[in-house]
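Structural overview
Listed here are the chains, written in short residue letters.
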Amino acid sequence: MYLNCHSYYSLRYGTFSEIELLELAKENHISSLVLTDINNTSACLNFIQQSKKYGIKPIVGIDFRNGAKQKFIGIARNNKGFYELNKLLSHHLENKIEFPDMAPKLSNTFIVYPFETVLELEITSFQENEFIGISVEELKKLRFSKLKDFKDKLVIQQTVTLRNKRDFNAHRLLRAIDNNCLLSKLPKTEECRPNESMISKENLEIAFSDFPHIIENTLHLMGQCGIDFSFGSERQSQNLKLYTNTVEEDYNSLKKLCDAGFSKRYPNPTDKVFKRLNKELKTIKELNFVSFFLINHDIVTYAKSQGYFHVGRGSGANSIVAYIIGITDVDPIELDLYFERFINPFRASPPDFDIDFSWKDRDDVTQYIFNRFENTALLATYNTFKYRAVVRELGKVFGLPKEEIDKLSKGNLPINQIDEIGQLVLKYGKLIEGFPNYVSVHSAGILILDKPIHNYSATFLPPKGYPTVQFDMIIAEDVGIFKFDILGQRGLAKIKDTLQIIAKNRPELPPIDIHDLPRFKNDKKINNLLKSGGAIGAYYVESPAMRGLMIKLQTQDYLGLVAASSIIRPGVSGSGMKEEFIKRHRFPEFRKNAHPVLLEIMPDTYGVMVYQEDVLKVAHQFAGLTLGEADVLRRGMSGKFRSREEFLAVEQKFISNCKNKGYSDKLINEVWNQIKSFAGYAFAKGHSASYAVESYQSLFLKCYFPIEFMVAVLNNGGGFYSTEHYLHEAKMQGATIKLPCINYSDHANRVMDKGIYLGFGYLKNLEKLVVQRLLTERQLHGYYTSLEDFIDRITISIEQLSILIRIGCFRFTEKSKTELMWHAIFKLNATKSSNKQPKLFKPKHKHFELPVLEVSALESAYDEMELLGFPLCGYFDLVDEPLENDITSDNMGNYVNKEVVIYGNLVNTRHNKTSQGKLMRLSTFVDKHGKYFDAVHFTEVVHKYAIHGLGVYKCLGVITKKHGFCSMIISKSRKVRIKPNPRAVD
């Protein structure tokens, strides 16, 4: 009999989950209730799904409000009514329109107006589907109101927002956060009433005993409501079912695509290829996934027509059909990719196709999808109140100064250092920590459905500008809605831009086929980059950890890179199997450590679980689980299901089956712990292989066109390392780095022969309009011939011109920067700050005789540090002390287990935790010859010898060597002094 119930998806208003609402209803013997969150339908589908467990009839609706002011409640009579309500809410959310006083006519919906609203608006006539809601508290007023005569229109509206005083406190805090005000200043109109709580069915009936017709009206209204979705084993796919007009036409289209692409992928096919293709097509057809493949093919075909590069990955990369029709570039026969990871008869959900595009192209592909398919929306995700956010928000609500909030938010203050207000913040913070804060957009998920989106959810328009549903991926999959993952990454943009730079910088070369992967995979020079750790800039393989791993593995082929891409993931690393894999790979005598059964199941990885497929194989072949049960384990690892009960049941069966097979408890526990350690981190092998394809494309360009490639890396925002370090790498590849120049530089970096002209975009304080102006003028009227010519043609202030002069943009004039600055001041008349209007006629410039004004290299280096953020010469050239008794990276192997000194320019540093949870630091440096070395700062050194930003460090430590890879365990370190700024005044 509750028509107006809120969960905490009434964002910054409600105080408990939809599950807790059902529990509360059961405690109070309520057999049916209506979930009506405020301007939100996030919880509706899960509320309907979970209600069966509690024996409660679910009804859904929406509490339509402008701010905290309730206008009316809409209750869905059926699925059509839910659609109507979602469409109405979406119209107002997407267009930012306030709700009217009176609801529009909705034929499958009941509308309930609050008692006070009806009085205020003096409503005297009602549509058939409209009612007046009365709370227990309002019964006193009803007795003396003319509204008591509307006997057939009165229903119970005992709003449920709270359970107790504690919830009321949490509610007021949420309202203060939402209103961005002090708790003491929160208006009463922004709060719910303290009595908005659920009472038992018996007590509710007693309260309304004088008005039995109100109870009857309420029961009659609820009795007419019913909503139904299929969940779990009963669910059916809600995705677009037909790509063409019929199921048969869809299948024939897919088969034709396979026939057309077959000979290109397999010019000399084997029986294994034919068998695999026929098996996949049969399974895809039986499981009704044909349209899913055709839609992904459509998206990829559009991208190719626009010249966009893509990478198809995810479990779908295990598919020969996807490979043949061009969704992926991974050959499942070559890699022996496990078909059952991609699709098996027990799998209700379609395979994952994560399709990556360049970050520059992704928006256009997304727009194409929305234009091409009718029922399309983005998937949502929930941002919850995390500890730091809670403390910061409540700190403001309680009026704490910023300094206090900063201290509290770190989370490690002793209790005796926290004052009374601070303790209140922490105490009340626990009430709302974990609550949803706002609905955001999933990073990649797009929904393409058979029916209109509003059948399932209301939509809103985030900054991306595309309609977005109000539920997340887990709820979507529960009801049979499966996302298409369309992602943006910079690696593909780097490849595409490199090819464009090569075409412009090296026009004499023939066009490059970047998809000639067989050639790249067998190229010794490319493979040597992998095993020597020379992959800086290459997608997915450039991080210190990955480079170190490939040196240890001596990775020198495609299959080795596929394995390396997976074993570096935390799941394999955390189980200790990474080290075991390296040993078995490098030293065959260690392969006998593998259990014979595991070695037989996973010969390519020496009996070590590396990929998600390995879990399926081990569960199926080692433990005797069915493929359906094995898939439960796989999904459990990836965290894509709600209940652990199913997972625990499979775990027990796994252990029981293994014991029945006669395996020892030690072996069973070892294998099970490996499976558990994957915990969502393991890759499908096809996924790793897709990454490896892109890595090889990047490595080809790095190997044969290193300067062009490094410029493309820089122009696409870099990657793991800093701009300064990518410029260092370009120098090591033979490039000459040139400072910005007004005649040769663009906004981005530019290659001319082997020279790289830095882009104006690096000059942090240079205004974009100035850059735009000078580039446009140069394009229209040619190079600038002098400082005077530049001043005549460009409207610029002395402050902006000084940036260009100090960085050396006018060095072609062969005048010193100091002399140019004086001329600029004289000619611009610095007291007026800028020549704001272009001149109609060129002025006649006076010539000033100035004394010789030299600028030292050190002064220029400090200018570069200020304007670019780093010196072009490198920090080693600025060191102000002798570098003595040191070794370099090349000869670390001669000093294993010895304490030595190495001077290193810091490249990258990050904190990590030991297995005991203690803090440590991992750093990468380059020595004075530009070669890399890695260092570890263990717990006792981390705080004692801190790292203070970029620069050269004197590192004292012991050299260690593992699997051919040398590193340093630092015992002491300090930042080396550099020469002082000669312009600095003491």
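Report follows, based on the coordinates.

If you walk across this open sheet you meet the seven strands as S1-S2-S3-S4-S5-S6-S7, and the pairing is mixed. Two strands close off the open sheet at either side, each with one partner strand: strand S1 (2-5) and strand S7 (154-156). In this sheet, adjacent strand axes meet at a mean angle of 35 degrees when their direction is disregarded. In terms of strand pairing, strand S3 (residues 57-66) meets strand S4 (residues 69-76) through six bridges, oriented antiparallel. If you follow Arg65 over to S4, its bridge partner there is Gln70. Of the strands in this sheet, strand S2 (32-38) and S3 touch helix H2 (residues 44-51), which is tilted by about 155 degrees from S3. Its contacts with the sheet put helix H8 (residues 212-223) on S1, S2, S3, S4, strand S5 (109-114), strand S6 (130-134) and S7, and the angle it makes with S7 is roughly 80 degrees.

To continue, consider a nonpolar patch on the surface. Residues Trp822, Ile825 and Phe826 make up a contiguous nonpolar surface patch of roughly 270 Å² in combined accessible area. As for its position among the elements, Ile825 is in helix H37 (residues 817-828). You can call Ile825 partly exposed: its relative accessible area is 32%.

Attention shifts here to the environment of Val541. Looking at the secondary structure, you find Val541 in the loop between helix H21 (524-531) and helix H22 (544-553). Val541 gets classed as buried once you look at its relative accessible area, which sits at 0%. In sequence terms Val541 and Ser698 are 157 residues apart; their C-alpha atoms lie 9.7 Å from each other. Apart from the residues within four sequence positions on either side, Val541 is in contact with Ala535, Met546, Arg547, Met550, Leu561 and Ser695.

A few words on the pattern of salt bridges. Taken as a whole and judged by the stated rule, the model has 47 salt bridges. The partner of Lys141 in a salt bridge is Glu116, with the nearest N and O atoms 2.5 Å apart. Of this pair, Lys141 sits in helix H5 (residues 139-142) while Glu116 is found in helix H4 (residues 115-121), placing the two residues 25 residues apart along the sequence. Residue classification places Lys141 among the partly exposed residues on the basis of a relative accessible area of 47%. Note on Glu116: relative accessible area 33%, which makes it partly exposed. Of the charged contacts, one joins Lys521 and Glu334 as a salt bridge, the two residues approaching to 3.3 Å between their closest N and O atoms. Residue Lys521 is located in helix H20 (residues 517-521), and its partner Glu334 is located in the loop between helix H12 (320-324) and helix H13 (339-342); the two are separated by 187 residues in the primary sequence. Each of Arg12, Arg175, Asp178 and Glu190 takes part in a single network of salt bridges with overlapping partners.

So, about the packing of aromatic side chains. Under the defined criterion, the tally for this structure stands at 40 aromatic pairs. For the ring pair Tyr539 and Tyr540, a centre distance of 6.3 Å and an interplane angle of 40 degrees mean the geometry is tilted. Note on Tyr539: relative accessible area 17%, which makes it buried. Taking the relative accessible area as the measure of exposure, Tyr540 reaches 24% and is therefore partly exposed. Here the aromatic rings of Phe720 and Tyr721 are separated by 5.2 Å at their centres, their planes lie at 70 degrees, and the arrangement is edge-to-face. Take Tyr721: its relative accessible area is 6%, and that puts it in the buried class. Chaining the aromatic ring pairs together yields one cluster made of Tyr8, Tyr9, Tyr382 and Phe435.

Reading guide: rules and limits
- Residues numbered from 1 in each chain as written.
- Predicted model: local features only at pLDDT ≥ 70, side-chain atom pairs only at ≥ 80, totals over all residues.
- Heavy atoms only, no water.
- Pairing = 2+ DSSP bridges.
- Helix = DSSP H or I, 4+ residues; strand = E, 2+ residues; numbered from the N terminus.
- Axes fitted to C-alpha atoms, helices over the stretch in contact; angles between N-to-C directions.
- Contact = heavy atoms within 4.5 Å.
- Patch = residues over 30% accessible without salt bridge, like charges linked within 9 Å, V, L, I, M, F, W, Y side chains within 5 Å.
- Areas by Shrake-Rupley, 256 points an atom, 1.4 Å probe, with all protein chains shown as cover.
- Salt bridge = Lys/Arg side-chain N within 4 Å of Asp/Glu carboxyl O.
- Buried < 20%, exposed > 50% of the residue type's maximum accessible area, 1.4 Å probe, protein only.
- Phe/Tyr/Trp six-rings, centres within 6.5 Å; stacked < 30°, edge-to-face > 60°.

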